[in-house]
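Descriptive structure summary
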Amino acid sequence: MSEHVGLRGRAWFEALTGIKQPSTGDPGTVLASEAQIGDETALFLCVVPNPSSRFPCVRDGQVGLEEAFTLAHHLRRVIAQDREKPKARKRPVVAIVDVKSQAYGRREETAGIFFAAAASSDAYASARMAGHPVISLVAGQAFSGGFLTHGYQANRILAFDDSGIVIHAMHKEAAARITRRSVAELEELGHEIAPMSYDVRDYAKLGLLYKLLHVDDPQHPTTADIEAIRHDLIDAIQDARRGATDLSNHLQSDAAKQTRKAGIAVRTALEAQWQNA
Amino acid sequence: MEQIEFDYPAAKRSITKRAHVGVVGSGDMEVLMEPTQSEGAHVSITTSVDGFQSTWKAVFDRFFSKFDGAVRVQINDAGATPGSVMLRLEQAVEVINQ
Amino acid sequence: MSQTGIIPEFVRRQSFIELDGRKRAQSLFDEGTWKELVGPFDRMESPWLPLQGVAPQFDDGCIVIKGKIGGMAAVAIALEGAFQGGSIGEVSGAKMTAALDLATKDSKTGKRTAAILLLETGGVRLQEANLGLAAVAEVISSVLALRPHAPVITLIAGTVGCFGGMSLAAGVSSYVVMTREARLGLNGPEVIEQESGIDEFDSSDRTLIWAIHGGEQRVGMGLADALVEDDAGKIKATIRGYVQADLPLEYRSQQVEFYRDRVTALDTSEQINPMSLRERWSNKTTGGLR
């Protein structure tokens, strides 16, 4: 599975923008481009593997220092450029997510990757709060700090309904080691406990996904596939524009009201007790 | 994971305060001790360590031989020793008696 | 002989680190002004832990206390590091987000309410994986929503430190306060060693760990704001100062070009020497930039 990290992300970035190369001045791990979507222009962002990255721990599709700050740079550029525009004309942002994880390196820890990741999630959230519709298209893997940095601050998250899509807090092997189970046992547990599952269909039960997308081969999209996904993205953009600029939609779906009822209950209880405190 | 319950009907003294003591760390436990409406005391234990029902009973038999409050005791346990359990219960009683 | 005379400081000093999460949060408030919300007696536990044979905690390891600090409205949200490593689950994450959102609501209607996050945490609770991860994203969002209206102060005292996704919450905070014992980073040493090998990070090398993640280093390199002694009285005073302070005009996590240039200038051909980096990046060399 890990050999394919980044290939779907790149495939979809190219399919949706026609661009294959990073912008001038950007590292080889970030693809960023404005492109048409429907009758407007959107900023498309994608983090891809780069075997010749000058940071050794980033070469397989991890999100590291340069990636986080480059994403933040493009987001803040667009926020600044659109600052005076009315909400209806703030450019959408489409994050195409296919990332192995955050970077696990000493250079990264030394130079404060926690902060770089914070700066990127700040920029994504700031775009959303300023009224830009922010959409994440999970085309492959979306793990942990990588997804927090690139994609999780979106208004709407879409993912392919495919076994190559994995959204999770930790890779199976590491999670198995830490919880002292076999990978098979962990997978079994995921069937009973939806938040622990590695299957995107179980992820969908958590109420965080706007839509599960159906494409025969997400790694090799046909022209028809690309057109269909464009429509799904446009629909998500419009839905985002109609909704709130916070993440309150996370708790509003029927799925969320079921799977996250404990969290919803504690929120309600806190609200009630706060008034009287 | 086990759920263990005990009743101590002789513990009837009216209690007005409540106490919370402890943290559910590895080898530790927390306890809620509250006044109860019913006659006597009731104990519920949620423990991640199976097979120690008789040990728990021994600890509580000893505890209620010295304490007669009508309390609802609720415990979340991650492997505390009987000595630690007794300590936590005594700390809770201290709060109740303040 | 009477017992008058000067009481040595080391006798008077109350360690903050030795306090559990609840007592740490309580200690920050003006006396008699605080109240715990959705505490252990409400029994709002994780629904997921018992399914896996893990003992839950009545407050799910998150303590919310509302009251006054220096006469001003504030809410403290503390993670209990001794319970599941302070990790974020569905319920503890929801408590944190809800408290932040309520502080934002009050602040927007004229009652500025600061938030203090006491972060002793390894990040996402593995037993709740995707709900923990989503909760972290939501906490980050709620911090950013509150930040323009009231100070969000992250306090990391140790010994667990602040790692994983919650380190991003620290990174977007208005202010970060750390002790020397505390550590702040995205990945802990064991995780780096596991993922990238012992040459990348020897997790038994305590000197290396604190040189990279420790409070003195993070404050020294300008990624945290204040280094405090492990002294409850001094920590209380430091937090009060930030609660009462004017809001910053700009936030560190917004200063993208400045930090991006710094990363571009890094020599990555070898490991980076933390001390040299501290000298290059310290606040003293940035001409006032936070």
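This is a predicted model, so every value here is computed, not measured. Within every chain, residues take consecutive numbers counted from 1 along the sequence as written. All chains are assigned letters beginning with A, and all ligands numbers beginning with 1, in the order in which they are written. Per-residue local features are limited, in this predicted model, to residues with pLDDT of at least 70; the limit for side-chain atom pairs, both in listing and counting, is 80 or more; totals at the level of whole chains, interfaces and linings are taken over all residues. Side-chain measures here rest on the full set of heavy atoms in the structure, leaving out hydrogens and waters.

The next subject is the packing of aromatic side chains. All names here are of chain B. Two aromatic rings, drawn from Phe, Tyr or Trp (for Trp, its six-membered ring), form a pair once their centres lie within 6.5 Å of each other, and the interplanar angle then sorts them: stacked below 30 degrees, edge-to-face above 60, tilted otherwise. One pass over the full model with this rule turns up 15 aromatic pairs over all chains. Arranged with centres 6.5 Å apart and planes meeting at 85°, the rings of Phe60 and Phe63 form a pair that is edge-to-face. Of the two residues, Phe60 and Phe63 both sit in helix H1 (residues 53–66), 3 residues apart, roughly one turn of that helix. When the centroid spacing of 5.0 Å and the interplanar angle of 80° are considered together, the rings of Phe63 and Phe64 count as edge-to-face. Secondary structure is summarised from DSSP: a helix means a run of H or I of at least four residues, a strand means a run of E of at least two, and numbering begins at the N terminus for each.

We now examine helix H1 (residues 7–17) of chain A. Residues Arg8, Gly9, Ala11, Trp12, Phe13, Leu16 and Thr17 of chain A constitute the buried set of H1 of chain A. Along its buried surface, H1 of chain A packs onto strand E1 (30–37), strand E2 (40–47), strand E4 (93–99), strand E6 (134–143), strand E7 (156–160) and helix H9 (223–242) of chain A. Buried means the residue's accessible area, taken with a 1.4 Å probe over protein chains only, is under 20% of the maximum for its type, while exposed means over 50%, and partly exposed covers the values in between. Only heavy atoms matter for contacts: two residues are in contact if any of them lie within 4.5 Å across the pair.

Counting from both sides, the interface comprises 18 residues of chain B and, opposite them, 16 residues of chain C. Accessible area that two parts lose when put together, evaluated with a 1.4 Å probe and summed over both, is termed the buried area. Here chain B and chain C share an interface that buries about 1,400 Å² over both sides, 64% of which is from carbon and sulfur atoms. It is Met1, Val23 and Leu32 of chain B in chain B that bury the most area against chain C; as a group they hold 35% of the surface buried on that side. Residue Glu34 of chain B pairs with Arg43 of chain C through a salt bridge whose shortest N-O separation is 2.6 Å. Whenever two N or O atoms come within 3.5 Å, that pair is a polar contact, provided that in protein one can donate a hydrogen and the other can accept it, and provided that, for residues adjacent in sequence, both atoms are side-chain atoms. Between the two partners, chain B and chain C, sit 6 residue pairs in polar contact (both at pLDDT 80 or more). If you list the elements that add at least two residues to the side of chain B that touches chain C, you get strand E2 (19–22), strand E3 (29–35) and strand E5 (71–77) of chain B. A total of 5 residues in the side of chain B that touches chain C trace back to one element, the largest contributor, which is E5 of chain B. Residues are grouped as follows: Ala, Val, Leu, Ile, Met, Phe, Trp, Tyr, Cys and Pro are nonpolar; Asp, Glu, Lys and Arg are charged; every other residue, Gly included, is polar. Looking at the side of chain B that touches chain C residue by residue, the classes come out as 7 nonpolar, 6 polar and 5 charged. Whenever Lys or Arg places a side-chain nitrogen within 4 Å of a carboxyl oxygen from Asp or Glu, that contact is recorded as a salt bridge.

Looking now at the interface of chain A and chain C. The partner chain C presents 83 residues to the 74 residues of chain A that form the contact. Taken together, both faces of the contact between chain A and chain C bury some 6,800 Å²; the carbon and sulfur share is 67%. Among the residues chain A hides against chain C, the three largest losses belong to Arg106, Phe114 and Trp274 of chain A. Together they make up 14% of the total. The interface formed by chain A and chain C contains 4 salt bridges. The salt bridge partner of Asp122 of chain A is Arg147 of chain C, with a shortest N-O separation of 3.0 Å. At the surface where chain A touches chain C, the tally comes to 35 residue pairs in polar contact (both at pLDDT 80 or more). Broken down by secondary-structure element, the contributors of at least two residues to the side of chain A that touches chain C are helix H2 (65–81), helix H3 (106–110), helix H4 (113–129), helix H5 (144–149), strand E8 (166–168), helix H6 (172–178) and helix H11 (261–276) of chain A. A per-element tally of the side of chain A that touches chain C places H11 of chain A first, with 13 residues. Here the residues of the side of chain A that touches chain C sort into 40 nonpolar, 19 polar and 15 charged.

Turning our eyes to something else, we now look at the side chain of Arg147 of chain C. Along the polypeptide, Arg147 of chain C turns up in the loop between helix H4 (129–146) and strand E5 (152–156). For Arg147 of chain C, a relative accessible area of 3% corresponds to the buried category. At 2.8 Å, the side chain of Arg147 of chain C forms a polar contact with the side chain of Ser253 of chain C. Excluding residues within four positions of it along the chain, Arg147 of chain C makes contact with Asp122 of chain A together with Val152, Val172, Ser173, Ser174, Leu247, Tyr251, Ser253 and Gln254 of chain C.

The next point concerns the sheet that holds E2 of chain B. Residue and element names in this part refer to chain B. Pairing is mixed in the open sheet, where 5 strands are placed in the order E1-E4-E5-E3-E2. Because the sheet does not close on itself, it has two edges, and the strands there are strand E1 (2–8) and E2. The sheet shows a mean angle of 10° between the axes of neighbouring strands, direction not considered. Each pair of strands is called paired provided DSSP finds at least two bridges between the two strands. Both E3 and E5 contribute to a ladder of 7 bridges, which runs antiparallel. Among the inter-strand pairings, Pro35 is bridged to a residue of E5, identified as Val71. A fitted line through C-alpha atoms represents every axis, and for helices the fit uses only the stretch in contact; the resulting angles, taken between N-to-C directions, go from 0 to 180 degrees. Along the sheet, H1 contacts E1, E3, strand E4 (41–47) and E5; its crossing angle with E1, the most-contacted strand, is approximately 30°. The sheet contacts of helix H2 (residues 82–97) involve E2, E3 and E5, and relative to E3 the element is tilted by about 35°.

Moving on: the confidence of the model for chain C. The predicted structure's coordinates, where accompanied by low pLDDT, should not be read in detail. Residue and element names in this part refer to chain C. A score between 0 and 100, pLDDT records how confident the predictor is in each residue. Taken over all residues, the pLDDT of chain C has a mean of 94, while the share at 70 or more is 96%. The lowest-confidence element of chain C is helix H1 (residues 9–12), averaging 78 in pLDDT; the highest-confidence one is strand E4 (residues 114–118), averaging 99. Here residues 285–290 is modelled with pLDDT under 50, and outside its nearest four sequence neighbours on either side it reaches 19 contacts, counting other chains as well. The ipTM value of the predicted complex is 0.98, and its pTM value is 0.97.

It is worth spelling out the arrangement of the chains at this point. Where 2 pairs of chains are in contact, the pair with the most contacts is made of chains A and C. Kept free of each other, chain A and chain B leave a smallest C-alpha distance of 15 Å between them.

A few words on the pattern of salt bridges. All names here are of chain A. For the structure on display, the rule yields 37 salt bridges over all chains. The salt bridge partner of Glu34 is Arg91, with a shortest N-O separation of 2.6 Å. Note that Glu34 is positioned in strand E1 and Arg91 in the loop between H2 and E4, a separation of 57 residues in sequence. Here Lys205 and Asp202 are joined by a salt bridge, their closest N and O atoms 2.9 Å apart. Classification of Lys205 by relative accessible area gives partly exposed; the value is 43%. In this structure, a network of salt bridges that share partners links the residues Glu34, Arg77, Asp82, Lys85 and Arg91.

What follows concerns the environment of Lys108 of chain C. Checked against the element boundaries, Lys108 of chain C lands in helix H3 (residues 90–108). Sequence separation between Lys108 of chain C and His149 of chain C is 41 residues, and the spatial gap between their C-alpha atoms is 6.8 Å.

So, about the sheet that holds strand E2 (residues 62–69) of chain C. Ordered in space as E1-E2-E3-E4-E5-E6-E7 (chain C), the 7 strands form an open sheet in which the pairing is mixed. In the strand order of this sheet, the two ends are held by strand E1 (35–37) and strand E7 (226–228) of chain C, each with one partner. Mean inter-strand twist for the sheet, computed between neighbouring axes without regard to direction, equals 25°. Relative to strand E6 (residues 175–179) of chain C, E5 of chain C runs parallel, the two being bridged by 4 bridges. Across the sheet, the residue bridging to Ile156 of chain C is Met178 of chain C, located in E6 of chain C. Packed on one face of the sheet, H11 of chain A meets E1, E2 and strand E3 (72–79) of chain C and runs near 160° to E1 of chain C.

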